Amino acid sequence: MMHSLEGKAILVTGGSSGIGQASALAMARAGAMITIADIDMARGEETVATIRARGGDAVFIRADVRDGADVEAAVHCVVRNHGRLDGAFNNAGILEGLFTSPVDCDESVWDRVIDVNLKGVWLCLKHELPQMRAQGGGVIVNHASIAGLYGNGIVGPAYIASKHGVVGLTRATALTYAAEGIRVNAICPGIINETVMSEAIYGDNPEREAQVRALYPAGRVGTLAEVAETVAWLFSDATSFMTGIALPVDGGLLAQ
Ligand SMILES: NC(=O)c1ccc[n+]([C@@H]2O[C@H](COP(=O)([O-])OP(=O)(O)OC[C@H]3O[C@@H](n4cnc5c(N)ncnc54)[C@H](O)[C@@H]3O)[C@@H](O)[C@H]2O)c1
(Lines give C-alpha, C1' and ligand atoms only; values in the text may rest on other atoms or scores of the structure.)
Protein backbone atom coordinates (compact mmCIF):
# COMPACT_ATOMS: atom_id res chain seq x y z
CA MET A 1 0.00 0.00 0.00
CA MET A 2 1.42 3.36 -1.01
CA HIS A 3 1.47 6.32 1.38
CA SER A 4 -0.04 9.50 0.00
CA LEU A 5 2.14 12.22 -1.50
CA GLU A 6 -0.93 14.17 -2.63
CA GLY A 7 -0.08 17.73 -3.64
CA LYS A 8 3.63 17.50 -2.82
CA ALA A 9 6.03 19.18 -5.28
CA ILE A 10 9.03 16.86 -5.65
CA LEU A 11 12.21 17.34 -7.70
CA VAL A 12 13.92 14.18 -9.01
CA THR A 13 17.42 14.52 -10.44
CA GLY A 14 18.39 11.74 -12.82
CA GLY A 15 14.71 10.92 -13.25
CA SER A 16 14.97 10.07 -16.96
CA SER A 17 16.11 6.50 -16.35
CA GLY A 18 16.47 3.62 -13.92
CA ILE A 19 15.72 4.12 -10.24
CA GLY A 20 15.03 7.85 -10.61
CA GLN A 21 12.48 7.18 -13.33
CA ALA A 22 10.82 4.34 -11.38
CA SER A 23 10.65 6.59 -8.30
CA ALA A 24 9.20 9.51 -10.27
CA LEU A 25 6.48 7.20 -11.65
CA ALA A 26 5.74 5.74 -8.20
CA MET A 27 5.57 9.15 -6.51
CA ALA A 28 3.36 10.57 -9.26
CA ARG A 29 1.04 7.61 -8.69
CA ALA A 30 0.94 8.57 -5.00
CA GLY A 31 -0.18 12.08 -5.96
CA ALA A 32 3.10 14.04 -6.11
CA MET A 33 3.74 16.76 -8.70
CA ILE A 34 7.04 15.72 -10.25
CA THR A 35 9.83 17.79 -11.81
CA ILE A 36 12.50 15.70 -13.53
CA ALA A 37 15.94 17.29 -13.89
CA ASP A 38 18.35 15.33 -16.07
CA ILE A 39 20.82 15.67 -18.93
CA ASP A 40 18.91 13.05 -20.97
CA MET A 41 16.18 15.19 -22.51
CA ALA A 42 14.59 12.54 -24.74
CA ARG A 43 14.04 9.98 -21.98
CA GLY A 44 13.10 12.73 -19.53
CA GLU A 45 10.35 14.03 -21.83
CA GLU A 46 9.17 10.44 -22.40
CA THR A 47 8.91 9.87 -18.65
CA VAL A 48 6.96 13.10 -18.23
CA ALA A 49 4.61 12.05 -21.05
CA THR A 50 4.04 8.67 -19.35
CA ILE A 51 3.18 10.34 -16.03
CA ARG A 52 0.77 12.76 -17.75
CA ALA A 53 -0.84 9.95 -19.77
CA ARG A 54 -1.59 8.24 -16.44
CA GLY A 55 -3.26 11.40 -15.15
CA GLY A 56 -0.29 12.68 -13.15
CA ASP A 57 1.49 16.04 -13.05
CA ALA A 58 5.08 16.27 -14.32
CA VAL A 59 7.51 18.57 -16.11
CA PHE A 60 11.06 18.12 -17.38
CA ILE A 61 13.96 20.54 -17.11
CA ARG A 62 17.40 19.90 -18.55
CA ALA A 63 19.93 20.23 -15.76
CA ASP A 64 23.43 18.92 -15.21
CA VAL A 65 23.92 18.37 -11.46
CA ARG A 66 27.60 19.30 -11.81
CA ASP A 67 26.55 22.84 -12.69
CA GLY A 68 25.30 25.05 -9.85
CA ALA A 69 23.38 27.38 -12.20
CA ASP A 70 21.53 24.41 -13.74
CA VAL A 71 20.59 23.06 -10.32
CA GLU A 72 19.45 26.49 -9.15
CA ALA A 73 17.28 26.79 -12.29
CA ALA A 74 15.74 23.37 -11.58
CA VAL A 75 14.79 24.42 -8.04
CA HIS A 76 13.37 27.72 -9.39
CA CYS A 77 11.37 25.76 -11.95
CA VAL A 78 9.63 23.77 -9.18
CA VAL A 79 8.97 26.90 -7.11
CA ARG A 80 7.70 28.84 -10.15
CA ASN A 81 5.22 26.06 -10.99
CA HIS A 82 4.11 25.04 -7.49
CA GLY A 83 5.07 27.86 -5.10
CA ARG A 84 7.24 25.52 -3.00
CA LEU A 85 9.66 22.58 -2.99
CA ASP A 86 8.29 19.89 -0.69
CA GLY A 87 10.79 17.20 -1.60
CA ALA A 88 13.96 16.51 -3.54
CA PHE A 89 15.34 13.13 -4.59
CA ASN A 90 19.02 13.81 -5.29
CA ASN A 91 19.47 10.68 -7.34
CA ALA A 92 21.60 11.42 -10.44
CA GLY A 93 24.71 9.29 -10.42
CA ILE A 94 27.16 7.38 -12.58
CA LEU A 95 29.21 4.21 -12.15
CA GLU A 96 32.69 4.14 -13.68
CA GLY A 97 35.93 2.42 -12.73
CA LEU A 98 34.38 -1.00 -12.00
CA PHE A 99 36.78 -3.64 -10.64
CA THR A 100 39.68 -1.15 -10.41
CA SER A 101 41.99 -0.65 -7.45
CA PRO A 102 42.96 2.83 -6.19
CA VAL A 103 46.18 2.42 -8.19
CA ASP A 104 44.45 1.39 -11.42
CA CYS A 105 41.68 3.99 -11.23
CA ASP A 106 42.16 6.73 -13.88
CA GLU A 107 42.28 10.29 -12.59
CA SER A 108 39.65 11.27 -15.16
CA VAL A 109 37.31 8.53 -13.86
CA TRP A 110 37.88 9.70 -10.29
CA ASP A 111 37.05 13.30 -11.24
CA ARG A 112 33.91 12.40 -13.21
CA VAL A 113 32.47 10.10 -10.55
CA ILE A 114 33.15 12.47 -7.66
CA ASP A 115 31.79 15.39 -9.70
CA VAL A 116 28.44 13.80 -10.49
CA ASN A 117 27.87 11.59 -7.45
CA LEU A 118 29.22 13.77 -4.64
CA LYS A 119 29.59 17.36 -5.84
CA GLY A 120 26.26 16.96 -7.66
CA VAL A 121 24.46 16.01 -4.44
CA TRP A 122 26.14 18.87 -2.56
CA LEU A 123 25.08 21.38 -5.25
CA CYS A 124 21.52 20.09 -5.00
CA LEU A 125 21.54 20.57 -1.22
CA LYS A 126 23.06 24.03 -1.62
CA HIS A 127 20.18 25.20 -3.81
CA GLU A 128 17.31 23.21 -2.28
CA LEU A 129 17.88 24.02 1.37
CA PRO A 130 17.41 27.83 1.21
CA GLN A 131 13.97 27.30 -0.36
CA MET A 132 13.01 24.67 2.22
CA ARG A 133 14.21 26.89 5.06
CA ALA A 134 12.24 29.85 3.69
CA GLN A 135 9.03 27.81 3.45
CA GLY A 136 9.54 26.18 6.88
CA GLY A 137 10.39 22.57 6.00
CA GLY A 138 10.91 19.90 3.40
CA VAL A 139 12.19 16.40 2.79
CA ILE A 140 15.38 15.39 1.00
CA VAL A 141 16.44 11.88 -0.01
CA ASN A 142 20.01 11.53 -1.25
CA HIS A 143 20.87 8.50 -3.34
CA ALA A 144 23.86 6.74 -1.79
CA SER A 145 24.26 2.95 -2.10
CA ILE A 146 25.43 0.02 0.00
CA ALA A 147 28.76 1.18 -1.49
CA GLY A 148 28.39 4.15 0.88
CA LEU A 149 28.35 1.83 3.89
CA TYR A 150 30.96 -0.84 3.19
CA GLY A 151 33.95 -1.40 0.94
CA ASN A 152 33.94 -3.91 -1.90
CA GLY A 153 36.09 -4.78 -4.87
CA ILE A 154 33.29 -4.52 -7.43
CA VAL A 155 32.35 -0.90 -8.00
CA GLY A 156 35.78 0.73 -7.76
CA PRO A 157 37.33 3.30 -5.41
CA ALA A 158 35.82 6.47 -6.89
CA TYR A 159 32.26 5.15 -6.64
CA ILE A 160 32.83 3.83 -3.09
CA ALA A 161 34.36 7.14 -1.99
CA SER A 162 31.60 9.18 -3.63
CA LYS A 163 28.84 7.18 -1.93
CA HIS A 164 30.55 7.24 1.50
CA GLY A 165 30.72 11.01 0.93
CA VAL A 166 26.97 11.15 0.23
CA VAL A 167 26.26 9.32 3.51
CA GLY A 168 28.47 11.74 5.47
CA LEU A 169 26.97 14.76 3.78
CA THR A 170 23.47 13.43 4.53
CA ARG A 171 24.22 13.01 8.23
CA ALA A 172 25.86 16.44 8.58
CA THR A 173 23.05 18.18 6.68
CA ALA A 174 20.35 16.38 8.67
CA LEU A 175 21.89 17.58 11.94
CA THR A 176 22.22 21.15 10.71
CA TYR A 177 18.55 21.46 9.72
CA ALA A 178 16.71 18.98 11.98
CA ALA A 179 15.27 21.76 14.15
CA GLU A 180 13.92 23.59 11.08
CA GLY A 181 11.54 20.84 9.97
CA ILE A 182 13.82 19.64 7.18
CA ARG A 183 14.47 15.88 7.00
CA VAL A 184 17.48 14.56 5.10
CA ASN A 185 17.98 10.83 4.62
CA ALA A 186 20.05 8.62 2.33
CA ILE A 187 18.89 5.50 0.58
CA CYS A 188 21.45 2.71 0.17
CA PRO A 189 20.32 0.01 -2.26
CA GLY A 190 22.24 -3.08 -3.15
CA ILE A 191 22.48 -4.02 -6.81
CA ILE A 192 19.17 -3.47 -8.57
CA ASN A 193 18.19 -5.61 -11.53
CA GLU A 194 17.46 -4.19 -14.98
CA THR A 195 19.52 -1.04 -14.48
CA VAL A 196 22.51 0.39 -16.33
CA MET A 197 24.55 -0.50 -13.27
CA SER A 198 23.53 -4.15 -12.99
CA GLU A 199 24.15 -4.39 -16.76
CA ALA A 200 27.64 -2.97 -16.25
CA ILE A 201 28.37 -5.35 -13.37
CA TYR A 202 27.14 -8.63 -14.87
CA GLY A 203 25.30 -7.88 -18.12
CA ASP A 204 24.83 -11.17 -19.94
CA ASN A 205 27.52 -12.94 -17.90
CA PRO A 206 25.50 -15.57 -15.98
CA GLU A 207 28.53 -16.72 -13.98
CA ARG A 208 29.17 -13.24 -12.62
CA GLU A 209 25.46 -12.74 -12.02
CA ALA A 210 25.37 -15.93 -9.92
CA GLN A 211 28.40 -14.72 -7.93
CA VAL A 212 26.69 -11.40 -7.23
CA ARG A 213 23.39 -13.08 -6.32
CA ALA A 214 25.21 -15.38 -3.89
CA LEU A 215 26.35 -12.32 -1.89
CA TYR A 216 22.72 -11.56 -0.99
CA PRO A 217 21.07 -13.44 1.92
CA ALA A 218 17.74 -12.99 0.11
CA GLY A 219 19.21 -15.07 -2.74
CA ARG A 220 18.52 -12.37 -5.32
CA VAL A 221 19.25 -8.74 -6.12
CA GLY A 222 16.63 -5.99 -5.76
CA THR A 223 14.00 -4.68 -8.17
CA LEU A 224 13.30 -1.14 -9.34
CA ALA A 225 9.90 -1.22 -7.65
CA GLU A 226 11.43 -2.15 -4.28
CA VAL A 227 13.63 0.95 -4.29
CA ALA A 228 11.00 3.25 -5.79
CA GLU A 229 8.44 2.31 -3.11
CA THR A 230 11.01 2.90 -0.36
CA VAL A 231 11.90 6.32 -1.79
CA ALA A 232 8.21 7.28 -1.95
CA TRP A 233 7.76 6.14 1.66
CA LEU A 234 10.72 8.28 2.82
CA PHE A 235 9.00 11.35 1.33
CA SER A 236 5.71 10.51 3.05
CA ASP A 237 4.52 11.75 6.43
CA ALA A 238 4.81 8.13 7.67
CA THR A 239 8.53 8.83 8.18
CA SER A 240 8.12 12.26 9.81
CA PHE A 241 10.49 11.42 12.71
CA MET A 242 13.24 9.93 10.54
CA THR A 243 16.23 12.07 9.64
CA GLY A 244 19.95 11.50 9.20
CA ILE A 245 19.61 7.81 8.39
CA ALA A 246 21.38 5.83 5.67
CA LEU A 247 18.82 3.15 4.89
CA PRO A 248 19.99 -0.11 3.29
CA VAL A 249 17.60 -1.73 0.79
CA ASP A 250 19.74 -4.79 0.26
CA GLY A 251 18.06 -8.12 0.99
CA GLY A 252 20.11 -8.43 4.19
CA LEU A 253 23.57 -8.00 2.63
CA LEU A 254 24.83 -5.59 5.29
CA ALA A 255 23.35 -7.60 8.16
CA GLN A 256 26.04 -10.25 7.65
N1 LIG B 1 21.40 0.47 -10.18
C2 LIG B 1 21.87 0.06 -9.06
O3 LIG B 1 22.09 -1.15 -8.87
C4 LIG B 1 22.15 1.05 -7.95
C5 LIG B 1 22.44 0.58 -6.66
C6 LIG B 1 22.70 1.51 -5.65
C7 LIG B 1 22.66 2.85 -5.92
N8 LIG B 1 22.40 3.30 -7.17
C9 LIG B 1 22.35 4.74 -7.42
O10 LIG B 1 21.10 5.04 -8.02
C11 LIG B 1 21.22 6.26 -8.76
C12 LIG B 1 20.56 6.05 -10.12
O13 LIG B 1 21.23 5.02 -10.79
P14 LIG B 1 20.52 4.11 -11.91
O15 LIG B 1 20.98 2.73 -11.70
O16 LIG B 1 19.08 4.40 -11.95
O17 LIG B 1 21.28 4.68 -13.22
P18 LIG B 1 20.75 5.26 -14.62
O19 LIG B 1 21.97 5.45 -15.44
O20 LIG B 1 19.64 4.44 -15.15
O21 LIG B 1 20.13 6.66 -14.21
C22 LIG B 1 20.94 7.76 -13.88
C23 LIG B 1 20.29 9.00 -14.43
O24 LIG B 1 21.11 10.11 -14.04
C25 LIG B 1 21.28 10.95 -15.16
N26 LIG B 1 22.54 11.69 -15.02
C27 LIG B 1 23.80 11.23 -15.14
N28 LIG B 1 24.67 12.24 -15.00
C29 LIG B 1 23.95 13.36 -14.76
C30 LIG B 1 24.27 14.71 -14.53
N31 LIG B 1 25.54 15.12 -14.52
N32 LIG B 1 23.28 15.59 -14.32
C33 LIG B 1 21.98 15.19 -14.34
N34 LIG B 1 21.60 13.92 -14.57
C35 LIG B 1 22.58 13.01 -14.78
C36 LIG B 1 21.29 10.02 -16.37
O37 LIG B 1 21.00 10.72 -17.57
C38 LIG B 1 20.22 9.03 -15.97
O39 LIG B 1 18.94 9.44 -16.38
C40 LIG B 1 22.71 6.58 -8.81
O41 LIG B 1 23.02 7.58 -7.85
C42 LIG B 1 23.36 5.27 -8.41
O43 LIG B 1 24.62 5.44 -7.87
C44 LIG B 1 22.13 2.43 -8.20
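See the structure printed just above.
My aim in this report is to walk through the structure given alongside it, one point at a time. (Residues numbered from 1 in each chain as written. Predicted model: local features only at pLDDT ≥ 70, side-chain atom pairs only at ≥ 80, totals over all residues. Heavy atoms only, no water.)

**A closer look at the site of the ligand**
In step 1: Close to the ligand lie 29 residues, the nearest being Ser17, Ile19, Asp38, Asn91 and Tyr159.
In step 2: Residue Ile19 places a main-chain N or O atom 2.8 Å away from an oxygen atom belonging to the ligand.
In step 3: Between the ligand and the protein, one listed contact pairs an oxygen atom with a side-chain N or O atom of Lys163 at 2.9 Å.
In step 4: Here the ligand is seated within the largest pocket.
In step 5: At the level of elements, helix H1 (18–29), helix H5 (157–177) and helix H6 (196–201) are the ones that each hand at least two residues to the shell around the ligand.
In step 6: The residue makeup of the shell around the ligand, split by class, is 14 nonpolar, 10 polar and 5 charged. (Near = heavy atom within 4 Å. Polar contact = N/O pair within 3.5 Å; in protein donor to acceptor, adjacent residues only side chain to side chain. 1 Å grid on protein atoms, 1.4 Å probe; cavity = no way out; pocket = protein on both sides within 12 Å on 5 of 7 lines; lining within 4 Å. Sits in = over half its atoms within 2 Å of the grid points. Helix = DSSP H or I, 4+ residues; strand = E, 2+ residues; numbered from the N terminus. Nonpolar A, V, L, I, M, F, W, Y, C, P; charged D, E, K, R; others polar.)

**What to know about a negative patch on the surface**
In step 1: A surface patch of like charges, here negative, comprises Asp104, Asp106, Glu107 and Asp111.
In step 2: Here Asp104 is to be found in the loop between strand E4 (87–90) and helix H4 (107–135). (Patch = residues over 30% accessible without salt bridge, like charges linked within 9 Å, V, L, I, M, F, W, Y side chains within 5 Å. Areas by Shrake-Rupley, 256 points an atom, 1.4 Å probe, with all protein chains shown as cover. Salt bridge = Lys/Arg side-chain N within 4 Å of Asp/Glu carboxyl O. Lys, Arg positive; Asp, Glu negative; His and termini not counted. Charge placed at Lys NZ, Arg CZ, Asp CG, Glu CD.)

**Quick notes on H4**
In step 1: Across its 29 residues, H4 extends 41 Å between first and last C-alpha, which sits within 8% of the 42 Å expected from 1.5 Å per residue.
In step 2: The sharpest bend along H4 reaches about 35° and sits at Asp115.
In step 3: Just past H4, the residue Gly136 takes up positive phi, approximately 90°. (Expected span 1.5 Å × (residues − 1). Bend = angle between axes of the 7 residues up to and from the residue.)

**Quick word on the nonpolar core**
In step 1: Leu5, Ile10, Met27, Ile34, Ile187 and Phe235 are the most contacted members of the largest nonpolar core, which has 27 residues in total.
In step 2: At the level of secondary structure, the elements contributing two or more residues to this core comprise strand E1 (9–13), H1, strand E2 (33–38), helix H2 (41–53), strand E3 (57–62), strand E5 (138–143) and helix H8 (224–235).
In step 3: Counting 26 residues, the second largest nonpolar core, distinct from the first, contains Val75, Ala88, Leu129 and Ile140. (Core = buried A, V, L, I, M, F, W, Y, C linked by side-chain atoms within 4.5 Å. Buried < 20%, exposed > 50% of the residue type's maximum accessible area, 1.4 Å probe, protein only.)

**Overview of the environment of Cys188**
In step 1: Looking at the secondary structure, you find Cys188 in strand E6 (residues 182–189).
In step 2: Residues Cys188 and Lys163, spaced 25 residues apart in sequence, show a C-alpha to C-alpha distance of 8.9 Å.
In step 3: When sequence neighbours within four positions are dropped, the list of residues in contact with Cys188 reads Ala144, Ser145, Ile146, Leu149, Val167, Ala246, Leu247, Pro248 and Val249. (Contact = heavy atoms within 4.5 Å.)

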